[in-house]
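# Structural characterization, general
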Amino acid sequence: MKTEKTGLIKCFLIILVLSACGCSSLPNKAAWPQYDSNPFVIQLNIPAPEDDKGSIIVEDLNGDGLKDYLVHIAAYGHYGKELWILKADIRISMDAEQKGLPGQQAPGLQAVDVDKDKKMDVLFLTQDSILHVVDAASGKEKWTAKPPIPKGTRRWEHQVVGNFRGRGDTDLLLQTTNADGHRSGRYLTAYAIEDLKNANYTPLWSMDNFLPCSHTAARLADIDGDGRDEVIGGSLVSPEGKILYQFPLASPSKYQQPHFDAVDIDDIRPDIPGLEVVIFEEGDFLQKDYKSHILVANSNGLIWKSTYQRREPQDGAVGDFDPEKAGLEIFNRHRGIGMAAEPIPKEKFPPDGYQKPFVFDAFGNIISDYSTKDMPPEWTPMGMQLCQTIHWTGSDKALIAATERTQRGRVAIFDAIGGKVLFYLKDEKADRLHVADVSGDWREEMVILNGNVLHIYHNRQPNPNPNRPRLWQKQHYRRNKMTWNYSTN
């Protein structure tokens, strides 16, 4: 195994070379070290999770040029050294509709250099609505703020660092839900972070009519390419806090409000400037004429809307799943029957109960339709969950990584077109699954939380295209890895 000292020496030499060249970013050629062991194992000195609260993000926390790990509210270096653990009543939740944001599997914290001192900061909310900013390398608190909460709410529940003023990641979006009944994260307030630091609680803007995803918090991305972030959900909101577009969603009777389970952001249609947003709408099957929909739009309006055999797309992923087709494809994870917390044994599983994933091309045409019944024999008939696009092979073709639809599930990588399993972790018991490029060769790794141990898996095969620009250089990739959420429904 490479030692931490060896990695630091390599990183130091890289920085010296870049400094001599006058470069401000890492070159395309892979310079981050790959782990020698597979999986690379990091023992965590924190309790194993007991539910779906909290998750994983990766970022360079200590400035050594290597990606590190934030798990709940503990920080570990790239090679497993404990950086810090905080004891704080961090604001996380499992069920956004009943308990408020951030919702299932959401990270509940951010890691960004918000004061531009070239040192990473970690931001999180505690249950008392206090925003905490700590030094990412040491965990030492730098400052706190307690902005007022909107009328009709209990507390601030979620925070996302963004760029609304065109000054880099120096702004903060706060979000919360109504205090009672079916919780909906419709309250948004944007601040300049330096104002919060100075206890100036005059917002950049505020709104109480944002249309949120039902299971997750707001996302940010620069979808129109002007260098500033829009707020992404069922509403697309400008950097100034104005609704640019609202998806035309129905109002199922059981919710009395529009309801969608997942949202994704990417450049689905390269022939259209900017990025596109995908909404995976949940239908109410009690209504005979009501269908679930997949909708694609940008800040200029709806691009297309489609449905397929009344199948509910409860989760989804976007990627170049078929490189021979123009644009990106949209994988839809069908619900199947039952819930993840209530697995049904195979001997009692109904033949028509399997999930039936389906895939749209960039223009709304169905190109693939199959069933999860052909998954490996040990795999639960309940199907899959936590579906994420993964760049695993180094080729143009993207794949899907997912866990079993159960608590502490097995993990597999499969072809989104047809469902063939390509990489299978039969003995894993994943509490969390996160996909990100942590080894720096453009390909992505799987970061799995198994109890209180991290397992990081990489592709053992040589990378056929190691000189590609790193995925982290894409602004929307960084944003997606800062504010991700994957449904476990």
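Cut-offs and rules
- Residues numbered from 1 in each chain as written.
- Predicted model: local features only at pLDDT ≥ 70, side-chain atom pairs only at ≥ 80, totals over all residues.
- Heavy atoms only, no water.
- Helix = DSSP H or I, 4+ residues; strand = E, 2+ residues; numbered from the N terminus.
- Areas by Shrake-Rupley, 256 points an atom, 1.4 Å probe, with all protein chains shown as cover.
- Core = buried A, V, L, I, M, F, W, Y, C linked by side-chain atoms within 4.5 Å.
- Buried < 20%, exposed > 50% of the residue type's maximum accessible area, 1.4 Å probe, protein only.
- Contact = heavy atoms within 4.5 Å.
- Pairing = 2+ DSSP bridges.
- Salt bridge = Lys/Arg side-chain N within 4 Å of Asp/Glu carboxyl O.
- Polar contact = N/O pair within 3.5 Å; in protein donor to acceptor, adjacent residues only side chain to side chain.

### Focus on the overall build of the protein chain
- Scanning the protein chain from N- to C-terminus turns up four helices and 32 strands.
- Accessible surface computed for the protein chain: about 19100 Å², of which carbon and sulfur atoms make up 51%.

### Concerning the nonpolar core
- Formed by 24 residues in total, the largest nonpolar core has its most connected members in Ile42, Leu44, Tyr69, Leu454 and Ile456.
- Those elements giving two or more residues to this core turn out to be β1 (40-43), β2 (56-59), β3 (68-71), β4 (74-76), β31 (445-450) and β32 (453-457).
- Ignoring any residue separated from it by four or fewer positions in sequence, one finds Ile456 in contact with Tyr35, Asn38, Pro39, Phe40, Ile42, Tyr69, Val438, Glu445, Met446 and Val447.
- The next biggest cluster of nonpolar side chains, apart from the first, holds 17 residues, and it includes Leu211, Ile223, Ile232 and Leu275.

### Some remarks on unusual backbone geometry
- Between Asn38 and the following residue, Pro39, the backbone shows a cis peptide bond with an omega angle of 10 degrees.
- Relative to the assigned elements, Pro39 resides in the loop between α1 (4-21) and β1.
- The backbone phi angle of Lys116 is positive, close to 55 degrees, even though this residue is not glycine.
- You can see Lys116 is positioned in the loop between β6 (109-112) and β7 (121-125).
- One non-glycine residue, Trp442, lies in positive phi territory at about 80 degrees.
- Among the structural elements, Trp442 can be located in the loop between β30 (432-436) and β31.
- Classification of Trp442 by relative accessible area gives buried; the value is 8%.

### A word on the pairing of strand β11 (residues 171-176)
- In terms of burial, β11 is a largely internal element, six of the six residues being buried.
- The alternating pattern of β11 places Asp171, Leu173 and Gln175 on one face and Leu172, Leu174 and Thr176 on the opposite face, and all of these are buried.
- With five bridges connecting them, strand β10 (residues 158-162) and β11 associate as antiparallel partners. Along β11, the bridge assignment pairs Gly162 with Asp171.
- With six bridges joining them, β11 and strand β12 (residues 187-192) adopt antiparallel strand pairing.

### So, the pattern of salt bridges
- Within the structure shown, the criterion is met by 24 salt bridges.
- A salt bridge links Arg183 to Glu157, with the shortest nitrogen-to-oxygen separation between them at 2.9 Å. In this pair, Arg183 sits in the loop between β11 and β12 while Glu157 sits in the loop between β9 (141-145) and β10, placing the two residues 26 residues apart along the sequence.
- Among the residues examined, Glu157 registers a relative accessible area of 1% and is labelled buried.
- With a shortest N-O distance of 3.2 Å, Glu404 and Arg410 are connected by a salt bridge.
- Here Arg410 falls in the partly exposed class, since its relative accessible area comes to 24%.

### What about the pairing of β2?
- Burial along β2 is two-sided: Ile56 and Val58 facing one way and Ile57 and Glu59 facing the other are all buried.
- Examined bridge by bridge, β2 and β3 share four bridges and lie antiparallel to one another. Across the sheet, the residue bridging to Glu59 is Asp68, located in β3.

### Comments concerning the side chain of Asn178
- Note on placement: Asn178 falls in the loop between β11 and β12.
- Assessed through its relative accessible area of 9%, Asn178 is described here as buried.
- Setting aside residues no more than four positions away along its own chain, Asn178 makes contact with Gly152, Arg183, Ser184, Arg186 and Tyr187.

### Some words on the environment of Pro351
- Residue placement: Pro351 occurs in the loop between β23 (329-334) and β24 (358-360).
- Taking the C-alpha atoms as reference points, Pro351 and Lys373, 22 residues apart in sequence, are found 8.7 Å from one another.

### Remarks on the environment of Asn62
- Following the sequence through the fold, Asn62 ends up in the loop between β2 and β3.
- Owing to a relative accessible area of 29%, Asn62 belongs among the partly exposed residues under this scheme.
- Between the alpha carbons of Asn62 and Gly77 there is a distance of 7.7 Å; along the sequence they are 15 residues apart.
- When residues no more than four places from it in sequence are discounted, the contact partners of Asn62 are Asp68, Leu83 and Ala137.
- A distance of 3.4 Å separates the side chain of Asn62 from the backbone nitrogen of Asp64, its partner in a polar contact.

None of the figures reported here should be taken as evidence of function without further support.
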